[in-house]
Amino acid sequence: MKPRHDLESSEIHQEPRPGSTFRTVTLPFIIFTAIWGSTWIVIRGQLGTVPPQWSVTYRFAIAAVAMAGIARWRHESLRLGTSALLPAAFLGFMQFCVNFNAVYLAERHITSGVVATVFALLLIPASLMGWALLGHRPTQRFFWSSLVAVSGIALLFVHEMREHPANGWQIVVGIGLTLVGMLGAAIANVVQARPEIRRFPLFALLAWSMAAGALIDGLIALLMTGPPVFDPRPSYWVGVLYLSLVASVLTFSLYYPVIRRIGPGKTAYSSVIVPIIAMGFSTGLEHYRWTGLAIVGALLALGGMAAALRRDRSPVPAPDAA
């Protein structure tokens, strides 16, 4: 009997059945966006006793083991061959090392809401790189929708700056780190969607990428901060498990297949909604104060996202390994 991922490969080019778009794109998009909207608050709770570099290492060491389990459950072989070593290491470095280390470190300098807001600009490099490397040429609708969404994010950013003043150096460092993390994520999103990467079974590749990322994270943590540090608080480890299993294994299991179906540019619009959700959590947990500027910004961001996610007449074909 054919392995499950081979069956999927042979059937993936068939015409989509009614309702399949909701199951394979819309519902996963809603789930991973809602979860990632909550992670900014959880990451804030990880800062303290344990250096951020070690927290990222623990997160992806656990996530790699769990993702390997999912790959085996889906009958995907973890023996990908030597040709997968470089792609796995590259994705691990860009997505699970550069991206997350930068984000964790950024939250030491600026508020989580500001980090989430700046990170929403992911849609711009993701779209441009997708055009350059994948041939996913943005439409005029995509351009104007992006402009509207980014304008809304800019208003939310201005609001955050007014509500949470900080010295100029802290802002520069925090925003700079966030931009580095954003670029790491954009590069990983586009590279994994290339045909030579899509031929590998997705979940097995993710498991090895997370393992490679955790190894690199650990080496960086050792060099920058010294031996491993452990926080005895149960709340810290609950946060690590949530970020590992829910915000990493579950979300990336949903996120990458959506990237491979609709392209990295449109999938990046999740990062436009994430700061809105993050601010919703902040309203209840950190007493975030909504002003007219923040409300207008939120409406513009959501409106731009809605326009960009209108169904395209020429959808991106589903990949062989999804």
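Below or above, wherever it landed, is the structure these notes cover. Within each chain, residues carry numbers counting from 1 in the order of the written sequence. In keeping with the predicted nature of the model, local features appear solely for residues at pLDDT of at least 70, side-chain atom pairs appear and are counted solely at 80 or more, and the whole-chain, interface and lining totals rest on all residues. Think of the side-chain values as coming from all heavy atoms in the structure, minus any hydrogens and water.

**A closer look at the overall build of the chain**
Phase 1 of the analysis: Helices and strands together make up the secondary structure of the chain, namely 14 helices and 0 strands.
Phase 2 of the analysis: Beginning at the N terminus, the succession of helices and strands in the chain can be written as α-α-α-α-α-α-α-α-α-α-α-α-α-α.
Phase 3 of the analysis: Counting over 322 residues, the chain shows a buried share of 52%.
Phase 4 of the analysis: Here, residues are in contact when the closest pair of their heavy atoms is within 4.5 Å. Pairs at least 24 residues apart make up 92% of the contacts formed inside the chain by residues separated by at least 6 positions.
Phase 5 of the analysis: As displayed, the chain offers around 14800 Å² of accessible surface, 69% of which is attributable to carbon and sulfur atoms. Comment: elements are numbered from the N terminus, with helices defined as DSSP H or I runs of at least four residues and strands as E runs of at least two. Whether a residue is buried, partly exposed or exposed follows from its accessible area with a 1.4 Å probe, protein chains only, as a fraction of its type maximum: under 20%, in between, or over 50%, in that order. Only the protein chains shown count as cover for residues, with accessible areas throughout obtained via the Shrake-Rupley method and a probe of 1.4 Å.

**So, the environment of A186**
Phase 1 of the analysis: As for its position among the elements, A186 is in helix α8 (residues 168–191).
Phase 2 of the analysis: Among the residues examined, A186 registers a relative accessible area of 0% and is labelled buried.
Phase 3 of the analysis: Once the C-alpha coordinates of A186 and G130 are considered, the two residues, 56 residues apart in sequence, prove to be 9.1 Å apart.
Phase 4 of the analysis: Apart from residues no more than four positions distant in its own chain, A186 is found in contact with L122, P125, A126 and M129.

**As for the packing of aromatic side chains**
Phase 1 of the analysis: Two rings belonging to Phe, Tyr or Trp (six-membered ring only in the last case) form a pair when the distance between their centres is within 6.5 Å. Interplanar angles under 30 degrees mark stacking, angles over 60 mark edge-to-face geometry, and anything in between is tilted. Under the criterion given, the structure shown has 17 aromatic pairs.
Phase 2 of the analysis: Centre to centre, the rings of W36 and Y255 are 4.9 Å apart; their planes meet at 80 degrees, and the pair counts as edge-to-face. Taken together, the positions of W36 in helix α2 (residues 20–46) and Y255 in helix α11 (residues 234–262) put the pair 219 residues apart, joining distant regions of the chain. You'll find W36 and Y255 in the same group, each marked buried.
Phase 3 of the analysis: Ring geometry for W54 and Y58: centres 6.0 Å apart, planes at 25 degrees, overall stacked. With a gap of 4 residues between them, W54 and Y58 both fall in helix α3 (residues 52–73), about one helical turn apart.
Phase 4 of the analysis: By relative accessible area, Y58 is classed as buried at 10%.
Phase 5 of the analysis: Taken together, F29, F32, W36, F60, F96, F100, F252 and Y255 form an aromatic cluster joined through their ring pairs.

**Let's talk about the nonpolar core**
Phase 1 of the analysis: In plain words, nonpolar cores are sets of buried Ala, Val, Leu, Ile, Met, Phe, Trp, Tyr and Cys residues tied together by side-chain atoms within 4.5 Å. Counting 62 residues, the largest nonpolar core has W40, F60, M210 and F252 as its most contacted members.
Phase 2 of the analysis: Put simply, the parts of the chain that give this core at least two residues each are α2, α3, α4 (85–106), α5 (112–119), α8, α10 (202–225), α11 and α13 (270–285).
Phase 3 of the analysis: Residue contacts for F60: discarding those within four places in its chain leaves F96, F100, M210, A214, D217 and S248.
Phase 4 of the analysis: Listed in part, the 13 residues of the second largest apolar core include L123, I153, Y288 and A294.

**A look at a nonpolar patch on the surface**
Phase 1 of the analysis: In this analysis, a patch consists of residues with relative accessible area above 30% that form no salt bridge, clustered at 9 Å for like charges and at 5 Å for the nonpolar side chains Val, Leu, Ile, Met, Phe, Trp and Tyr. Here a salt bridge means any side-chain nitrogen of Lys or Arg lying within 4 Å of a carboxyl oxygen belonging to Asp or Glu. A surface patch of nonpolar side chains, about 320 Å² in accessible area, is lined by F22, L27, I31 and L250.
Phase 2 of the analysis: Here the nonpolar patch takes 3 residues from α2, the largest share from any one element.
Phase 3 of the analysis: Examined against the element boundaries, L250 turns out to sit in helix α11.

**Digging into helix α7 (residues 140–163)**
Phase 1 of the analysis: Helix span, as expected, comes to 1.5 Å for every residue beyond the first. If you check α7, its first and last C-alpha atoms are 35 Å apart, about what 24 residues at 1.5 Å a residue would give, namely 34 Å.
Phase 2 of the analysis: Among the residues of α7, those classed as buried are F142, S145, S146, A149, V150, G152, I153, L156, H159 and E160.

**Comments concerning unusual backbone geometry**
Most peptide bonds adopt trans geometry, and most residues besides glycine take a negative phi value.
Phase 1 of the analysis: In this structure, H75 is a non-glycine residue whose phi angle is positive, near 65 degrees.
Phase 2 of the analysis: Turning to its location among the elements, H75 is positioned in the loop between α3 and α4.

**Quick notes on the packing of α4 against α11**
Phase 1 of the analysis: The convention used is that axes are lines fitted to C-alpha atoms, helices contributing only their stretch in contact, and that angles between N-to-C directions extend from 0 to 180 degrees. Following both chains from N to C, one finds α4 and α11 inclined at 130 degrees, their axes separated by 15 Å at the closest point. One element, α4, and the other, α11, form an angle in the oblique class. Viewed along their axes, α4 and α11 form a crossing whose handedness is right-handed. For the pair formed by α4 and α11, the contact residues are Q95, F96, F100 and Y104 on the first element and L243, F252 and Y256 on the second.
Phase 2 of the analysis: Its residues assigned to classes, the contact of α4 with α11 shows 6 nonpolar, 1 polar and no charged. Any angle between 65 and 115 degrees counts as roughly perpendicular, while under 35 counts as roughly parallel, over 145 as roughly antiparallel, and the rest as oblique. The handedness criterion is simple: a crossing whose near helix is rotated anticlockwise from the far helix by less than a right angle is left-handed, and one whose near helix is rotated clockwise is right-handed. Residues were grouped as follows: Ala, Val, Leu, Ile, Met, Phe, Trp, Tyr, Cys and Pro as nonpolar; Asp, Glu, Lys and Arg as charged; and all remaining residues, including Gly, as polar.

**Concerning the pattern of salt bridges**
Phase 1 of the analysis: Taken as a whole, this structure holds 3 salt bridges when the rule is applied.
Phase 2 of the analysis: A salt bridge links E76 to R74, with the shortest nitrogen-to-oxygen separation between them at 4.0 Å.
Phase 3 of the analysis: On the basis of relative accessibility, which here comes to 13%, the residue R74 falls in the buried class.

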